[in-house]
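Now for the letters of each chain:
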Amino acid sequence: MRQVIDQGGTGSSRRSFCARQGWRLAALGIAAIVAAPLLLVFSGWLQPEGEVWRHLADTILGGLIVNTLLLLAGVGIGVLLLGVGLAWLTTLCEFPGRRFFEWALMLPLAVPAYVFAFVVLGVFDFSGPVQTFMREAFGADSGLPNVRSTGGVITVLVLVLYPYVYMLTRSAFLTQGRGTLEAARILGLGPWGAFFRVALPMARPAIVAGVSLALMETLADFGTVAVFNYDTFTTAIYKAWFGFFNLQAASQLASLLLLFVALGLIGESRLRGRARYHETSRTSQPARQPLPGYRAWLATATASLVFSFAFLLPLVQLLIWAWSVLAEDMDGRYLGLLGHTLMLGAIAALLTVSGALLLGLVRRRHPDRLTGSMVRVATLGYALPGSVLAVGVMLTFTGLDNFLNLLSRLIYGTSPGQILGGSLFALLMAYLVRFLAVAFGPIEGGLNRIRPSLAEAARTLGATPYQVLRRVYLPLLRPGLLTALLLVLVDVMKEMPATLLLRPFGWDTLAVRIYEMTSEGEWERAALPSVTLVLLGLLPVLLLVRRSGYGHSRGRKA
Amino acid sequence: MKRLIQTLMLITATTLAAPVVSAEQIVVYSARNEHLIKPVFDRYTQKTGVEIKYITDKEGPLLARLKAEGANTPADMLITVDAGNLWHAAQEGVLAPLESETLLANIPAHLRDPQKRWFGLSVRARTIVYSSERVNPGELSSYEDLADPKWRKRLCLRTSKKVYNQSLVAMMMERLGKEQAEEVVRGWVANLAVPPFSNDTKAMEAVLAGQCDVTIVNTYYFGRMQSKDPAIKLALYWPNQADSGVHVNVSGAGITRHAKHKQAAIDLLEWLSSTTAQEMFAGLNMEYPVNPEVETAPQVQAWGDFKGDDTNIAKAGELQTEAVMLMDRAGYR
């Protein structure tokens, strides 16, 4: 790759060299923006907090770590089975309702995890309608499992997080094309053999990206586990912060979380080794295997079950609750909330996806260690609990503000006050820091499947780097880019802690409204903004399905 | 697409810069929910023409922000919902002491900072709620009594991670001493029918559904359930009437050290402690006014009079860290 570029550059001027390094510098800039709040978190170690640590180690820390590991294992296995399984069914098999489930199974993405958690508790807890009905019908022992348990939390998280794996794996399966799998079958592999020995390994980068997103979100989650009062490592972070008023100790704990994630990611890439998965040729839509007899209906039943629990159930319950408060809570301000939510989501999605694309391309061009670690740092933000990250970003910008004010006082004798803190810019940067990993996953997955020789050929044929980007990479990356845009857009719209802390005055979003209601336990009144958010989240999904034939390369040249 | 991007960039550019704050306004950072402060602020704006800008968030992040912004902060006032948080804000040096006769006259001494950096604006009583079907109020007496083995498998509690319970236990430590308070908390944990709930409403629903018989909640949560179902089979009990009184906490406010509109903010704070504002401030959330001159709402009055704990609530802040550690040791999640 590098040689090709260098060959292409033999006759070129210094300017193109600068342009090349310029991109790399831009990537470095993005990494620095992400790294600043992370470094602030690590700087918590400058001030030892022995007492808090001793206390935590003596009392709750052990249990919290066990809880967290259980949760990680459960969620990891769950999203893997559900995400990959459903992606396989909808892309490579034919069963009744397949065309509907193909996109419908992405919809649970629009349901914020904390909202889903309180719906599940409301419906299935001891005092909820289901158990009450069972008790009345069958007596005291209804035989239903207790939802406020490890299993309950895992189920909830799996149902809200599997779409990450589903979407990423799906676009991987779709771009694998017919040829590879057909070749495998011709060479004597059965359907299972083809799946496990060809399709799965080829989709591995995408699957890993999806599962690591789900696991990072699990590690960083506080909202869902708080609704269940299930204590994890983040509980210790918030306890140190809010209970002991000790932000230092909280950062120290949070930095361990980051370290854990970084080690996990490095470990995975070591295991993957130097294997590379490029498709040999692009063909049309892979052939779908019609499932025989009862198996087809089994597939339909599974997909329906997942769809009903993860999407219909919360939607219907939220609609019922929202209806009961509609008259008193619905007012003109909802239009503003909607506008802010959409606008922040759209700008942040474009910004973040562009950043991720830049990182992906730069890493492809410069496969050296430095660039590699730069990219790795840039995608760590997702593993930090939202509030901790928000404070990190806030500290970065107020620090800059204080510096600028000092400078201005020295030079002009006056200080302008707040410049970046409390600005929209700071909020957008926070979204970038948090969701770069989300955008990077699908883009990296897409890039990995593009053979380097394609770009090399284009360069040899005289295309400029810009032309290579526009005419080779972008078209081939389309499914990945759309997935990335969608994921970030929906994630930003759901995001709560950074929005709360960094929004400029008056920039309330639907998530802010949900916070206002849930923080005082008014679940029913939180339903109206929640259901609005869910419906708003459907919009981009449907739009992508319709307009771009998301994932359907049928009849189109990709 | 290109046009969309251009439009977005234009919007971004015009809104990027932080807004300029003009003279006739006050900026508030509030941990009290928007729907509980906005109507009061709107009334003030109507009356005086002073515009009030605010952002809401949890105390922790707001305080971190206030501290980091230092002299550049746009905030003039900080509102929180728990005395522990106010105490901590004062401790961090972000609040300025005030000399105001009005505030001293309107707010009882135990509901404000002895050093005059923060002032309670509404009182929330954390009391016992029981099932009126399965509990005879004669069985109840005090918070400590809920540790008695007769309540085994009959108690529900909200999580110890909520600051309301941390303050309750902190005040108990002040009253009973560390050892005895820890005994009580251990007793509570032993009596739990089910693991602690994430909020007061869920705990009451559990009592209603028969999972347990008693719990401890802030009265306004009970008020909300009662408003929805006036015939609800739950009742309030005022504990410790023979000794310390019911545990009370405040939602309150202070003026920031680097306030840009200090006098305007003090005016607002004084107004908030006045008769007109108090009725609304407390009434919006079925809390009790701090100003003893002000009548409570009829629904709240119907719950009866009680003797509240008159220890200065600053203690709740001072002892919060120890209280959290105590609850961790006792296994109260």
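Residues numbered from 1 in each chain as written. Chains lettered and ligands numbered in written order. Predicted model: local features only at pLDDT ≥ 70, side-chain atom pairs only at ≥ 80, totals over all residues. Heavy atoms only, no water.

Undergrad: Got a minute to help me understand the overall build of chain B in this structure?
TA: From N to C terminus, chain B includes 14 helices and eight strands. Radius of gyration (C-alpha) of chain B: 22 Å, near the 20 Å computed for a compact globule of 333 residues. C-alpha atoms of chain B, sized along the principal axes, occupy 65 × 60 × 40 Å. Of all 333 residues assigned to chain B, the portion counted as buried reaches 62%. Summarising the internal contacts of chain B: among those between residues at least 6 apart in sequence, 77% fall at separations of at least 24. About 12300 Å² of surface is accessible on chain B, with carbon and sulfur atoms providing 53% of the total. (Helix = DSSP H or I, 4+ residues; strand = E, 2+ residues; numbered from the N terminus. Rg over C-alpha atoms; globule rule 2.2 N^0.38 Å. Buried < 20%, exposed > 50% of the residue type's maximum accessible area, 1.4 Å probe, protein only. Contact = heavy atoms within 4.5 Å. Areas by Shrake-Rupley, 256 points an atom, 1.4 Å probe, with all protein chains shown as cover.)

Undergrad: Looking at this model, I keep getting lost on the overall build of chain A. Mind explaining?
TA: Check the secondary structure of chain A and you find 22 helices and two strands. For chain A, whose C-alpha radius of gyration is 24 Å, the value lies close to the compact-globule estimate of 24 Å for 558 residues. Along the first, second and third principal axes, the C-alpha atoms of chain A reach 80 × 75 × 50 Å. Looking at the 558 residues of chain A, the share that counts as buried comes to 58%. Taking all contacts inside chain A whose residues are at least 6 apart in sequence as the whole, residues at least 24 apart take part in 83%. For chain A, the accessible surface area stands at approximately 22800 Å², while carbon and sulfur atoms represent 67% of it. Separation of charge centres in chain A, based on 46 positive and 29 negative side chains, amounts to 18 Å. (Lys, Arg positive; Asp, Glu negative; His and termini not counted. Charge placed at Lys NZ, Arg CZ, Asp CG, Glu CD.)

Undergrad: Even after reading the chapter, I still don't get the environment of Ala181(B), so can you show me in this structure?
TA: The topology assignment puts Ala181(B) in helix H7 (residues 178-191). For the pair Ala181(B) and Leu326(B), spaced 145 residues apart in the sequence, the C-alpha separation amounts to 8.5 Å.

Undergrad: Is there a simple way to think about the pattern of salt bridges in this case?
TA: Per the counting criterion, the structure on display carries 39 salt bridges over all chains. Close ionic contact of Arg204(A) with Glu268(A) constitutes a salt bridge, the shortest N to O distance being 3.1 Å. With a gap of 64 residues between them, Arg204(A) in helix H9 (residues 191-220) and Glu268(A) in helix H12 (residues 247-272) connect regions that are remote in the sequence. Residue Glu268(A) is classed as buried on the basis of its relative accessible area, which comes to 16%. Between Arg513(A) and Glu34(B) there is a salt bridge, with its nearest N and O atoms 3.2 Å apart. Linking Arg513(A) in helix H21 (residues 510-518) with Glu34(B) in helix H2 (residues 34-48), this pair reaches from one chain into another. The buried category is assigned to Arg513(A), whose relative accessible area is 7%. When its relative accessible area of 5% is taken as the criterion, Glu34(B) is described as buried. (Salt bridge = Lys/Arg side-chain N within 4 Å of Asp/Glu carboxyl O.)

Undergrad: I tried to follow the domain arrangement of chain A on my own but got confused; where do I start?
TA: Buried accessible area, meaning the area lost when the parts come together, often serves as the stated size of an interface. Residue and element names in this part refer to chain A. Here the domain parsing of chain A yields domain 1 (74-280 + 298-320) and domain 2 (325-519). Each of domain 1 and domain 2 has a C-alpha centre, and these two points are 23 Å apart. Contact residues are listed per partner, giving 39 residues for domain 1 and 31 residues for domain 2. Interface of domain 1 and domain 2: buried area, both sides summed, is about 3100 Å²; carbon and sulfur atoms make up 69% of it. At the boundary of domain 1 with domain 2, the tally comes to zero salt bridges. Counting every contact that joins domain 1 to domain 2 gives six residue pairs in polar contact (both at pLDDT 80 or more). At the level of secondary structure, the elements contributing two or more residues to the side of domain 1 that touches domain 2 comprise helix H6 (113-124), helix H8 (150-186), H9, helix H11 (233-243) and H12. It is H12 that contributes the most residues to the side of domain 1 that touches domain 2, 10 residues altogether. (Domains from an automatic or database assignment. Buried area = accessible area lost by both parts, 1.4 Å probe. Polar contact = N/O pair within 3.5 Å; in protein donor to acceptor, adjacent residues only side chain to side chain.)

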